[in-house]
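One-letter residues, chain by chain:
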Amino acid sequence: MSAAINHSIHMNDQQPNPVRVGILMGSDSDWPVMKAAVEALKEFGLTAEARVISAHRTPRDLEQYAGSARERGLRVIIAGAGGAAHLPGVTAAFTTLPVIGVPMLGPALAGMDALLAIVQMPPGVPVATVGINAARNAGLLAAQIIGSGDPALQARLDAFKEKLAADSRAKNRTLLA
Ligand code: RP5
């Protein structure tokens, strides 16, 4: 293990609210969409770290990041990419942590290129794929994955679902008015 990773593990474990989710994106141009995942996680008191790492431009950095993620205390990785969109799949190749892929809306093919690239993983290397640009749902899914082993977080997720239902039912009152 490199000294940098060792230091990082130590620092993360010392934090009162350690980083549990890694948010990867192929470029900083993905950030305006991907920041919705960070915001969703914050609603549930979860801390994320965001990094620009590209499966094509910096593949060795990706191996290092994904390969050390579990040791550093991460529980889920969310990866957003557009176009050829190999980032989520290659991340999943280097870790057994759950990986959630966010297909980014691109200029050429309306995000269908990224959606199909991310969802069509080979047997044995799953990526949980959310909708095109659906970074908020990726953050919520990451919270639910972590919450499955955390009763306090589960209670917050239950309250969130109840509010979702109440807000939905309230729409009937507007229609009837
Ligand atoms: C993809 O290429 C990235 O995820 C991004 O969506 C896109 C363009 O990157 P930039 O040219 O903006 O750096 O791999």
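Predicted, not measured: the structure shown is a model, and the values here were computed from it.

**Points about the packing of aromatic side chains**
Each aromatic ring pair is specified by the distance between its two centres and by the angle formed by the two planes.
Turning to step 1, where the next piece is worked out: What the rule picks out here adds up to 1 aromatic pair.
Turning to step 2, where the next piece is worked out: Pairing phenylalanine 44 with phenylalanine 160 gives two aromatic rings, centres 5.5 Å apart and planes at 80°, and the pair type is edge-to-face. Remark: phenylalanine 160 occurs in helix α7 (residues 151-176) and phenylalanine 44 occurs in the loop between α2 (31-43) and β2 (47-52); sequence separation between them is 116 residues.
Turning to step 3, where the next piece is worked out: Between the NZ or CZ atom of arginine 72 and the centre of the ring of tyrosine 65, over which it lies, the distance is 5.0 Å.

**Quick notes on the site of the ligand**
Turning to step 1, where the next piece is worked out: Around the ligand, the neighbouring residues are Gly26, Ser27, Ser29, Asp30, Arg57, Ala81 and Gly82.
Turning to step 2, where the next piece is worked out: One of the side-chain nitrogen or oxygen atoms of arginine 57 is found 2.9 Å away from an oxygen atom of the ligand.
Turning to step 3, where the next piece is worked out: The fraction of the free accessible surface of the ligand (370 Å²) that becomes covered by protein chains is 61%.
Turning to step 4, where the next piece is worked out: Considered class by class, the residues forming the shell around the ligand number 1 nonpolar, 4 polar and 2 charged.

**Observations regarding unusual backbone geometry**
Turning to step 1, where the next piece is worked out: Positive phi is not limited to glycine here, since alanine 85 has a value of about 50°.
Turning to step 2, where the next piece is worked out: Topologically, alanine 85 is positioned in the loop between β3 (76-81) and α4 (87-93).
Turning to step 3, where the next piece is worked out: Judged by its relative accessible area of 3%, alanine 85 falls in the buried class.
Turning to step 4, where the next piece is worked out: Phi is positive for asparagine 133, which is not a glycine, with a value near 65°.
Turning to step 5, where the next piece is worked out: By secondary structure assignment, the location of asparagine 133 is in the loop between β5 (128-129) and α6 (135-147).

**A look at the pattern of salt bridges**
Turning to step 1, where the next piece is worked out: Going through the model one piece at a time under the given rule, you end up with 4 salt bridges.
Turning to step 2, where the next piece is worked out: Arginine 136 is the salt-bridge partner of glutamate 43, the closest N and O atoms lying 2.8 Å from each other. Taken together, the residues glutamate 43 in helix α2 and arginine 136 in helix α6 connect sequence positions 93 residues apart.
Turning to step 3, where the next piece is worked out: Classification of glutamate 43 by relative accessible area gives partly exposed; the value is 41%.

**Thoughts on the environment of lysine 42**
Turning to step 1, where the next piece is worked out: Along the chain, the position of lysine 42 falls in helix α2.
Turning to step 2, where the next piece is worked out: Taking C-alpha positions, lysine 42 is 9.6 Å from alanine 143, a pair spaced 101 residues apart along the chain.

**Considerations on α2**
Turning to step 1, where the next piece is worked out: The terminal C-alpha atoms of α2, which comprises 13 residues, lie 18 Å apart, in line with the 18 Å expected from a rise of 1.5 Å per residue.
Turning to step 2, where the next piece is worked out: In this structure, the buried residues of α2 make contact with β1 (19-25), β2, β3, β4 (99-103) and α6.
Turning to step 3, where the next piece is worked out: Glycine 45 lies just past α2 and shows a positive phi near 75°.

**Some points on the pairing of β1**
Within a regular strand, side chains alternate between the sheet's two faces.
Turning to step 1, where the next piece is worked out: Counted residue by residue, β1 has 6 buried out of 7 residues, so it is predominantly covered.
Turning to step 2, where the next piece is worked out: Across 6 bridges, the pairing between β1 and β2 is parallel. Note on β2: the bridge partner recorded for glycine 22 is glutamate 49.
Turning to step 3, where the next piece is worked out: Since β1 and β2 lie parallel, the crossover through α2 that links them has a hand, and here it is right-handed.
Turning to step 4, where the next piece is worked out: Summarising the sheet, β1 and β3 pair through 5 bridges and their orientation is parallel. Residue pairing for β3: methionine 25 is matched across the bridge by glycine 80.

The rules we used
- Residues numbered from 1 in each chain as written.
- Predicted model: local features only at pLDDT ≥ 70, side-chain atom pairs only at ≥ 80, totals over all residues.
- Heavy atoms only, no water.
- Phe/Tyr/Trp six-rings, centres within 6.5 Å; stacked < 30°, edge-to-face > 60°.
- Helix = DSSP H or I, 4+ residues; strand = E, 2+ residues; numbered from the N terminus.
- Lys NZ or Arg CZ within 6 Å of the ring centre and 35° of its normal.
- Near = heavy atom within 4 Å.
- Polar contact = N/O pair within 3.5 Å; in protein donor to acceptor, adjacent residues only side chain to side chain.
- Areas by Shrake-Rupley, 256 points an atom, 1.4 Å probe, with all protein chains shown as cover.
- Nonpolar A, V, L, I, M, F, W, Y, C, P; charged D, E, K, R; others polar.
- Buried < 20%, exposed > 50% of the residue type's maximum accessible area, 1.4 Å probe, protein only.
- Salt bridge = Lys/Arg side-chain N within 4 Å of Asp/Glu carboxyl O.
- Expected span 1.5 Å × (residues − 1).
- Contact = heavy atoms within 4.5 Å.
- Pairing = 2+ DSSP bridges.
- Right-handed = clockwise from strand over helix to strand, strands pointing away.

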